[in-house]
Amino acid sequence: MKYLTIYFLIIFFFVSCRTLDIIFHPDDYIKRDEHPTITEIIYDTVKITNIEGNITTAVSGFPTKRITFTKIGQSYTFKNGETVEILLHEVDFTRATFDFETNLETKEVTIRLVDRDFSKVVLTSKCQIIKRIGAFSVPRIEVSPNLKPEQIVITPLFDNECRVNGFEIRYGSEERGCKDVAKRTLSDFRRCSDNEKKIPNQTPPPKSPCSYLRKLGLPCD
């Protein structure tokens, strides 16, 4: 018993001395890590604004909502002037892409996650425009049976480097009253079709900001 008591006194002495030393010399006991924490940046969030029915990258203001698409068929309609964040990390872009549709009266824009190869485009009104981003072929098109016959106009969509990045489907020709809604896409088409410079159809690195902007049909400056 005597030796056990001495043993505990010795342990107590050293523990007490170390505790006092920590109090008076804390720098000697702080664990140092000379290597910072490093994480990979993935640009999977895009902030966009609806300006008079046209989607653009937001340059000011704060988003009112963050929208995460996870399943084909999901959609969101945002109002004219509204800014939102689109979170894209759960989208499988090997089989999915986005359709954009603008309500010509309210200027609301509906963005819908669709199957890139099998989802059809449904046209329900004259001068209606649906943009399918990132498609390699023209999608199947269905016209509402109560519509008067009009031309179905299909125009390739180009990015700011004149690479094809999908298709615009419109129900109605310029000559039949749809000139205003067709202006922007036709302007891009003429600019790129007249461009003699051949630009290879290369895609940006998969985790770059440009890659995710392109998946929404937005320019990358």
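As the structure is a prediction and not an experimental result, all values here were calculated from the model.

Rules and cut-offs
Residues numbered from 1 in each chain as written. Predicted model: local features only at pLDDT ≥ 70, side-chain atom pairs only at ≥ 80, totals over all residues. Heavy atoms only, no water. Helix = DSSP H or I, 4+ residues; strand = E, 2+ residues; numbered from the N terminus. Contact = heavy atoms within 4.5 Å. Areas by Shrake-Rupley, 256 points an atom, 1.4 Å probe, with all protein chains shown as cover. Core = buried A, V, L, I, M, F, W, Y, C linked by side-chain atoms within 4.5 Å. Buried < 20%, exposed > 50% of the residue type's maximum accessible area, 1.4 Å probe, protein only. Disulfide = S-S within 2.5 Å. Pairing = 2+ DSSP bridges. Axes fitted to C-alpha atoms, helices over the stretch in contact; angles between N-to-C directions. Phe/Tyr/Trp six-rings, centres within 6.5 Å; stacked < 30°, edge-to-face > 60°. Salt bridge = Lys/Arg side-chain N within 4 Å of Asp/Glu carboxyl O.

Trainee: Tell me what's going on with the overall build of the chain, and back it up with residues and numbers.
Mentor: Across its full length, the chain holds three helices and 12 strands. In the chain, 53% of the contacts between residues at least 6 apart in sequence involve partners at least 24 apart. About 14900 Å² of surface is accessible on the chain, with carbon and sulfur atoms providing 56% of the total.

Trainee: Give me the lowdown on the nonpolar core, citing residues and values where you can.
Mentor: Ranked by size, the top nonpolar core spans 24 residues in total, and within it Phe 69, Phe 98 and Leu 216 carry the most contacts. Among the secondary structure elements, those contributing two or more residues to this core are strand S1 (45-51), strand S4 (75-78), strand S5 (83-87), strand S6 (96-102), strand S7 (109-115) and helix H3 (209-215). Setting aside residues up to four positions removed in sequence, Phe 69 forms contacts with Gln 74, Ser 75, Tyr 76, Ile 86, Leu 87, Glu 90, Val 91, Phe 98, Ile 111 and Leu 113. Judged by nonpolar contacts, the second largest core, of seven residues, contains Val 121, Leu 123, Ile 169 and Tyr 171.

Trainee: Any details on the state of the cysteines? Residues and values, ideally.
Mentor: Overall, the coordinates contain two disulfides when judged by the stated rule. Bridging Cys 127 to Cys 178, the disulfide has an S-S length of 2.0 Å. The S-S bond linking Cys 127 to Cys 178 shows a torsion near -85°; that makes this disulfide left-handed. Linking Cys 127 in the loop between strand S8 (121-123) and strand S9 (129-133) with Cys 178 in the loop between strand S12 (164-171) and helix H2 (179-193), this pair joins segments that are 51 residues apart in sequence. No difference in accessibility class separates Cys 127 from Cys 178, as the two residues are buried. Between the sulfur of Cys 162 and that of Cys 192 lies a disulfide, 2.3 Å long from S to S.

Trainee: Give me the sheet that holds S1: which residues, what numbers.
Mentor: Read across the open sheet, the four strands follow the order S2-S1-S5-S3; overall the sheet is mixed. Looking at the sheet topology across the chains shown, the edges are occupied by strand S2 (54-57) and strand S3 (65-68). Pairs of neighbouring strands in the sheet enclose a mean axial angle of 35°, with direction left out of account. Two elements, S3 and S5, share four bridges in a ladder whose sense is parallel. Its bridge partner being in S5, Lys 65 is matched across the sheet by Val 84.

Trainee: Before we move on, can you summarise the packing of aromatic side chains with the specific residues and values?
Mentor: Each aromatic ring pair is specified by the distance between its two centres and by the angle formed by the two planes. One pass over the full model with this rule turns up three aromatic pairs. Seen from their ring centres, Phe 69 and Phe 98 are 5.2 Å apart, and the 75° between their planes marks the pair as edge-to-face. Of this pair, Phe 69 sits in the loop between S3 and S4 while Phe 98 sits in strand S6, placing them 29 residues apart in sequence. With a relative accessible area of 1%, Phe 69 lands in the buried category. The buried category is assigned to Phe 98, whose relative accessible area is 0%.

Trainee: Describe the pairing of S5, listing the residues and the values that go with them.
Mentor: With five of its five residues buried, S5 lies for the most part within the structure. Burial of the side chains of S5 extends over both faces: Thr 83, Glu 85 and Leu 87 are buried on one face and Val 84 and Ile 86 on the other. The sheet contact formed by S1 and S5 spans five bridges and is antiparallel. The residue bridging Ile 48 from the neighbouring strand is Val 84, located in S5.

Trainee: Explain the pattern of salt bridges residue by residue, including any values.
Mentor: Scanning the model with the defined rule gives nine salt bridges in all. Between Lys 65 and Glu 82 there is a salt bridge, and its shortest N-O distance comes to 3.1 Å. Here Lys 65 is found in strand S3, whereas its partner Glu 82 is found in the loop between S4 and S5, with 17 residues between them in sequence. A relative accessible area of 40% means that Lys 65 is categorised as partly exposed.

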